[in-house]
Each structure stands twice: as structure tokens, then as C-alpha cells.
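This is what each chain is made of:
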Amino acid sequence: MEQLSEQEQLRRQSLAQLRSMGIDPYPAARFEITATAREIADNYDPEKGNYSHVSIAGRMMSRRIMGSASFFELQDHTGRIQVYIRRDDICPEGDPTLYNTVFKKLLDIGDFLGIEGFAFRTNTGELSVHCQKFTLLSKSLRPLPVVKEKEGQTFDAFTDPEVRYRQRYVDLTVNPSVREVFVKRAKIISTMREYFNERGYLEVETPILQPIPGGASARPFITHHNALDIDFYMRIATELYLKRLIVGGFDGVYEFGKNFRNEGMDRTHNPEFTCMELYVAYKDYIWMMEFVEQMLERVAVAVNGTTELTIDGKTVSFKAPFRRLTMTDAIREKTGYDITGRSEEELREACRNLNVETDETMGKGKLIDAIFGQYCEGDLVQPTFITDYPIEMSPLCKRHRGNPDLTERFELFVNGKELANAYSELNDPIDQAERFQEQLRLSEKGDDEAMFIDRDFVRALEYGMPTCSGLGIGIDRLTMFMTNQPSIQDVLFFPTMRPEKRAVNDPIERYVEMGIPAEWAEVMQKMGYVTTESLKKLAPGKFFNDLCGFNKKNKLGLKAPSPDEVKRWCGEE
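Residues numbered from 1 in each chain as written. Predicted model: local features only at pLDDT ≥ 70, side-chain atom pairs only at ≥ 80, totals over all residues. Heavy atoms only, no water.

**Some details on the packing of aromatic side chains**
Per the counting criterion, the structure on display carries 21 aromatic pairs. Relative to Phe322, the ring of Phe318 has its centre 6.4 Å away and its plane inclined at 75°; by these criteria the two rings are edge-to-face. The pair Phe318 / Phe322 is uniform in exposure class, with both members buried. Note on Tyr529 and Phe543: the rings are 5.2 Å apart at their centroids and 80° apart in plane angle, and the pair reads as edge-to-face. Within this pair, whereas Tyr529 is found in the loop between helix H17 (518-526) and helix H18 (532-535), its partner Phe543 is found in helix H19 (residues 540-553), the two being separated by 14 residues in sequence. An aromatic cluster is defined as three or more aromatic residues linked by ring pairs; in this entry it consists of Tyr195, Phe196, Tyr201, Tyr254, Phe256, Trp287 and Phe291. Just above the ring of Phe103 sits the side chain of Arg63; from NZ or CZ to the centre is 5.4 Å. (Phe/Tyr/Trp six-rings, centres within 6.5 Å; stacked < 30°, edge-to-face > 60°. Buried < 20%, exposed > 50% of the residue type's maximum accessible area, 1.4 Å probe, protein only. Helix = DSSP H or I, 4+ residues; strand = E, 2+ residues; numbered from the N terminus. Lys NZ or Arg CZ within 6 Å of the ring centre and 35° of its normal.)

**Structural notes on the nonpolar core**
The biggest cluster of nonpolar side chains holds 40 residues, and the ones touching the most others in it are Met192, Phe196, Leu278 and Phe318. With 10 residues, helix H9 (residues 285-304) is the single largest residue contributor to this core. With near-sequence residues (within four places) excluded, Met192 lies in contact with Phe256, Met276, Met295, Val299, Ile473, Ile475 and Leu478. Counting 33 residues, the second-largest nonpolar core is a separate cluster that includes Leu18, Ile85, Phe103 and Val129. (Core = buried A, V, L, I, M, F, W, Y, C linked by side-chain atoms within 4.5 Å. Contact = heavy atoms within 4.5 Å.)

**A look at the sheet that holds strand S18 (residues 409-414)**
Ordered by their spatial adjacency, eight strands build an open sheet running S8-S12-S13-S20-S19-S18-S17-S16, and the pairing between neighbours is mixed. Where the open sheet ends on each side, the last strands, each with one partner, are strand S8 (202-203) and strand S16 (323-326). Where S18 meets strand S19 (residues 417-424), six bridges bridge the pair, whose relative direction is antiparallel. Opposite Phe413, over in S19, you have Glu418 as the bridge partner. Most of the contacts of helix H8 (residues 239-247) go to strand S13 (residues 272-281), to which it runs at about 25°, and overall it touches strand S12 (252-260), S13, S19 and strand S20 (468-474). Packing of helix H10 (residues 327-335) onto the sheet brings it into contact with S16 and strand S17 (384-387), and relative to S16 it is tilted by some 85°. (Pairing = 2+ DSSP bridges. Axes fitted to C-alpha atoms, helices over the stretch in contact; angles between N-to-C directions.)

**What about the sheet that holds strand S1 (residues 54-66)?**
One closed barrel holds the five strands; their spatial order is S1-S2-S3-S5-S4, and the pairing between them is mixed. Taken pair by pair, the neighbouring strands of this sheet meet at an average axis angle of 50°, ignoring direction. Pairing of strand S4 (residues 112-121) with strand S5 (residues 127-138), which is carried by 10 bridges, proceeds in the antiparallel orientation. Looking at the pairing, Ile115 lines up with Phe134 of S5.

**Comments concerning the side chain of Ser394**
With respect to the element layout, Ser394 can be found in the loop between S17 and S18. Not counting the four nearest positions on each side in its chain, Ser394 is found in contact with Tyr389, Thr407, Arg409 and Arg435.

**A short note on the pattern of salt bridges**
Under the counting rule described, the total for this entry stands at 42 salt bridges. By sharing partners, the salt bridges in this structure join Arg164, Arg168, Asp171 and Asp490 into a single network. (Salt bridge = Lys/Arg side-chain N within 4 Å of Asp/Glu carboxyl O.)

**Describing the environment of Ile246**
Here Ile246 shows up in helix H8. The exposure class of Ile246 is buried, given its relative accessible area of 2%. Once the C-alpha coordinates of Ile246 and Val183 are considered, the two residues, 63 residues apart in sequence, prove to be 33 Å apart. Once residues lying within four places of it in the same chain are set aside, the contact partners of Ile246 are Asp251, Gly252, Val253, Tyr279, Ala281, Met465, Pro466 and Cys468.

What follows is the structure, given as C-alpha cells:
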């Protein structure tokens, strides 16, 4: 069982005392809210006498107790506002218990409160709510890492990425800027949806559990359906199902969907991610380039008010039009090597000469991609369409109308990373079946990301699919760009994490071996220092004061150690 810290124990004692006084720390009744912190801040006018009766709710985030009156900060989903509370206002019948005991002693930072009162400005001009009644809405049993500042230094900031991502609920509470990232993420999606809907395209949903993982080159997650007794795959892309809907007669369909790829994790990849895919009949990839740049310009303005953004310290312009460059020209520009018409062995030799790492499972497409990735991608800072990919790299893409060795495909690169991928979609069922066979050959060669053969999709194409252009955009990466966040984990509420390591209590004997009396070792574990290693991270002076304070407060009667003894316990001679 998890060892409770001293503060957690005290909060549970307060919880029990509140209940013994007949106060429900988790009431079921609704609390009627009539205003938010931001609404009051934006609209309060003392001459109008507005907000003379307000009801607000949120967390208590700081507190200054000043005898019979106090100030505290209340934080709701819009921001913070100061609350002024007086004993005589909330205890009108002369019993001071509600103020002296409940407010001052049994409430804690992080508790949710409902406040009824009126807005006013203090003598120093600070906008506040004068509390006439308060209701405890939820008791917080764990202390928040509330940031403190003193003499220009910040203390107790909640900045450790590992803990922030794992405990996003705390991150959102104590780091207001984090909330803004996710508000902008929602604005990105709503702006794109608005852009598509204006053009009459239909938002749809397609299966996440699929019998065949298609639409991309990636390793899938596998799960088992017990009733059918067959394996299913979690989708790696929505493409093949959306194109089936174009076969079925829809003019334009799109989906914001979760995809899953059983691959590595880093600052730009999460196994579970959000992708928007769009397919429009009777269009091609040239039309789609203009469509994309106009859309991204609109998103940038909607989210940030400008097309000029800062990403990783670089100024990036999303003002349309974007640069267009063929993949062949991009590689030639950076390496001097022409990939046109090269065999697999010639490409492998080129990789050796260019010091590009390869392995035997890689076919022509992956060899070209490796050269491009090493020499070209990183320099594509401004939005750039890389076009006309070799056919080996694009098994679902239509052959180029002017060169059958190429395809009508583009990828959009921003700040050295791929943001969008689009095709003139392959609608020749015979060609598609042959491309799937080539992918099967790569799979047999050892490429575990090669595409599966989807015979039902080929059958759908045999019924006829019109000329069509498709687009995929990673929403997580787009949000990284639009909010200037360095890691995909910063734009996901709950990124995939390794299992949390739990500290296992050291035996008391280990403390004794360090010269710590057994009775003090037990105290330290009660205070939350459950391993001897944790003592080495402490400031001895503060730890000495904490030990003596705990001893006195809990009336343990232990003989206090000397400051020098505590230094030795902390590993300092």
C-alpha cells in the first residue's frame, strides 16, 4: 500500500473532521454558476453596479489569512480571481466555527469551492469577489505543486516532463499555458472541419478494428476477437475504407480518426495518433496542393492571428503559395545524384557512397526514402511540397501522367518534418493488384512494414472509382507547429507512457545501517521518505527543521538529532 505523506495524512484528518461536523466534502447537489473569472474581469463596471449577485466556482489556489478576514485566489476554467472572505459575513449568527475552524483549518489549497457574493474593487484597485457564502464542493486529498516565487526565484514548479505527461490533470491545473495549447488544438480541428463542410464534404467514421491493416506502410497492433475467434488489426490508416465510399458515390468524404502503429516512440511519434484523411472525387494532386496551402493559411490565422509563426526559433510563413520541388530535383540538389531509372542495386551502391545506412530488406522505395531523409528533409524549413515520388514508394498512388516511373504524389514538409501526404489516387484495379503483389514480395523479403493485400479493396475498384485525390494530415504534428511545441507529448492530453515505477519501501534495517535510529527511520517513512536514496536529495538544514517540526506537531517525544547527524543521514560528511 502506498505510504501517505504527512500532508496527505493531515488532509484525511481534515476530511474526517468535516464529516463529523455534518459537512459533506463531496456533495451531490448541483452548484449554480452565474459567472466566470474572465467574464467578471472583462465586464465588471462599478458604475453599472453589475455582478452585484454572482455565483462562481473553482479551486482555491492560494490563501492569505489575516485574522477575521482573508483573501484567496479562486481558479476556474477561464482563469483566476481574488476572493475576499470575512468571518462576520459567513458567520452572521455569532458562531465563528465556519470561518475559524472550517475555512482557516480544514480547507486546503486545491479544494473546490462555490462562492456566492458580489464583485468589487479593493482599496488597492484589485478586482475581487466579496464572499457572502461558500460551499465546499470537493476536498483535495493530495497537495498541488503550487509554484512559489521569492526574490526572482521560482520554487516547486511542476516542470518534470515525465510527471507532467503522466499526471496531465495536475499539469493543466498548475500550468495555465498548457491549457491554451489544447484550446488551440481544438481550434485547429474546428477550422479544418469548417473548411471542409463549406465545400460540401461529408464527415464519416470508418472501422478501427480491421481484418486487414491497409492504407500505409507500418507495423500494426494485433488484437483478438473472442466471439469470432479471429485476429483483428487496429487500423494504421483510414484510406482504403474512405476510398470505398468514393466508389459508393460520395463526392467528398473526410475523417478525423485515431490511427495506431506498433513502432518506436520519440519526440515526434506516438503509437496512437490523430490523422485527418480527405478524399475528393474528380480532383488530382495539383488541385490538392492549392487546397492544402489555402487551408493551412486559414488555420494559422484562426489559431494565431497571423501566417508568420515561430517554430523551434525559426520564422515560418504559412502564407500561400508554398514552394514546389520534385523529389528527384531535391535529391539532385543536395547530393548531385540522379535517381531517375536506377536499379535497386545501383541505389544500394549510391547509399553506400553517400554513407546512408541501409539493410537487406529495403527495396527501391525505401532506399530512395533513406537518401531523401538524410540529405533533404532537414533543410525544408519553409512549407515545401515535395512532388512526383518514384513508383516504388507509393503503392496506392496513380502513375504520373508524364512519366510512368513516377507517381502523382506530394508530401508537405515544414521545419524538416512531413506534415501532409497526398496523391492522385490509383483507381486502376489491375495496376493496384500488381502493386499489392510487389508489397507481398517485400514482406516475404523481411520488410515488416510492407502493405497487406486487401482483395476486397481491389474488388471495390473493379466496380469503378472515379478520378480522385486524397490527403492525409497528422493533427498532432500540425498542432506542434501551430503552438510551437517541441514534442508530440506536449500536444496529447495523455501520451503513451512506460509503466510507472513505484518506489518500494526500504527496510528499516537499511536506515539503521546508515546510523539512523530505528524510531527516526519510521518517522521518515511516514513523512514520505521511503527509501534511503531519497534522503540524499534533501537539503540537510531544511530536513532537520522538518524532522523536528514533525516530532513536535505529532507529540512523538523523540530525542531530536543534531544538525550534524542529519547532515550525515543525507550523505554529507
